[in-house]
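Below are the chains, spelled out letter by letter.
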Amino acid sequence: MKNIYEVFDEFEMAWSKQEKMKVIERNLSPLLVEVLRLTFHPDFQWKVKEYPENYIEDYTKHGGLSECQLNTELRKLYMFQSGNPTAEKLTERKQRELLIQLLESIEPREAEVVMGIFRKDQGVDGLTYEFVKEAFPEMLP
């Protein structure tokens, strides 16, 4: 299975909407669906929009060799969700510390995917709310 950022790279290189749809179909996984849902569903709003100041990218982590991977870390995103009772109880400092720990535990390219979730935009050409709504009509309102 490819990393999500590899799927996004392939998606971006596809020239037509049909080719982009085929990339999604070929790489369909529960992780990809969850990343798209967290990124584009309006019910998910995030307290974080930018990398924390003290975040350090560790480019020695690559190809699934980091201690954690995106698929295991996604379940922790509730700590940064606006309106989530746990997230609302965390101080800004504690939330920043947890975010740095999460981002530094995964590959930098996976950290980019997490930040894309928080910004509600993965920064991938053609990967829009409208595209995801068409690909997964039941997922988005």
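Now for a look at the structure at hand. Just so you know, these numbers come straight off a predicted model, no measurement behind them. (Residues numbered from 1 in each chain as written. Predicted model: local features only at pLDDT ≥ 70, side-chain atom pairs only at ≥ 80, totals over all residues. Heavy atoms only, no water.)

### Focus on the overall build of the protein
A count of helical and extended segments in the protein gives eight helices and zero strands. The C-alpha radius of gyration of the protein comes to 15 Å, within 12% of the 14 Å expected for a compact globule of 141 residues. Its C-alpha atoms give the protein principal-axis dimensions of roughly 45 × 35 × 20 Å. A fraction of 76% describes how many contacts in the protein between residues 6 or more apart in sequence connect residues 24 or more apart. Approximately 8,100 Å² of the protein is accessible, and the part contributed by carbon and sulfur atoms is 51%. Of the side chains in the protein, 19 bear a positive and 26 a negative charge, and the two mean positions are spaced by 4 Å. (Helix = DSSP H or I, 4+ residues; strand = E, 2+ residues; numbered from the N terminus. Rg over C-alpha atoms; globule rule 2.2 N^0.38 Å. Contact = heavy atoms within 4.5 Å. Areas by Shrake-Rupley, 256 points an atom, 1.4 Å probe, with all protein chains shown as cover. Lys, Arg positive; Asp, Glu negative; His and termini not counted. Charge placed at Lys NZ, Arg CZ, Asp CG, Glu CD.)

### Focus on the nonpolar core
One finds F8, V35, L36, L77, F80, F118 and L127 to be the most contacted residues of the largest nonpolar core, which totals 42 residues. Elements supplying a minimum of two residues to this core: α1 (4-13), α2 (17-26), α3 (30-40), α6 (92-105), α7 (108-119) and α8 (129-135). If we ignore the near neighbours within four places in the chain, the residues touching L36 are F8, H41, L127, V132, F136 and M139. (Core = buried A, V, L, I, M, F, W, Y, C linked by side-chain atoms within 4.5 Å. Buried < 20%, exposed > 50% of the residue type's maximum accessible area, 1.4 Å probe, protein only.)

### Side note on α3
Since the α-helix advances by 3.6 residues per turn, residues separated by three or four positions end up pointing in the same direction. Those residues of α3 not exposed but buried are L31, L32, V35, L36, L38, T39 and F40. Lining the buried residues of α3 we find α1, α2, α4 (70-73), α7 and α8.

### Some thoughts on the packing of α1 against α2
Taken N-terminus to C-terminus, the directions of α1 and α2 make an angle of 160 degrees; their axes are 8 Å apart at the nearest point. The angle between α1 and α2 places the two elements in the roughly antiparallel class. For the pair α1 and α2, the crossing hand works out as right-handed. For the pair formed by α1 and α2, the contact residues are V7, E10, F11 and E12 on the first element and K20, V23, I24 and R26 on the second. In terms of residue class, the contact of α1 with α2 is made up of four nonpolar, no polar and four charged. (Axes fitted to C-alpha atoms, helices over the stretch in contact; angles between N-to-C directions. Parallel < 35°, antiparallel > 145°, perpendicular 65-115°, else oblique. Left-handed = near helix turned anticlockwise from the far one by under 90°. Nonpolar A, V, L, I, M, F, W, Y, C, P; charged D, E, K, R; others polar.)

### Let's talk about the side chain of E110
Turning to its location among the elements, E110 is positioned in helix α7. Taking relative accessible area as the criterion, E110 reaches 4% and is therefore assigned buried. Residues in contact with E110, not counting those within four places in the same chain, are N3, Y5, C68, Q69 and L70.

### A word on the packing of α1 against α3
For the pair α1 and α3, the least separation of the axes is 10 Å and the interaxial angle reads 75 degrees. Judged by the inter-axis angle, α1 sits roughly perpendicular to α3. Across the interface between the two elements, I4, V7 and F8 from α1 touch L31, L32, V35 and L36 from α3. Split by residue class, the contact of α1 with α3 holds seven nonpolar, no polar and no charged.

### Here's the deal with α2
Among the residues of α2, K20, M21, V23 and I24 are the ones counted as buried. The buried residues of α2 occupy an angular sector of 155 degrees when projected down its axis, which confines them to one face. The exposed set on the far side of α2, more than 90 degrees from its buried face, consists of Q18, E25 and R26. (Arc of directions from axis to C-beta.)

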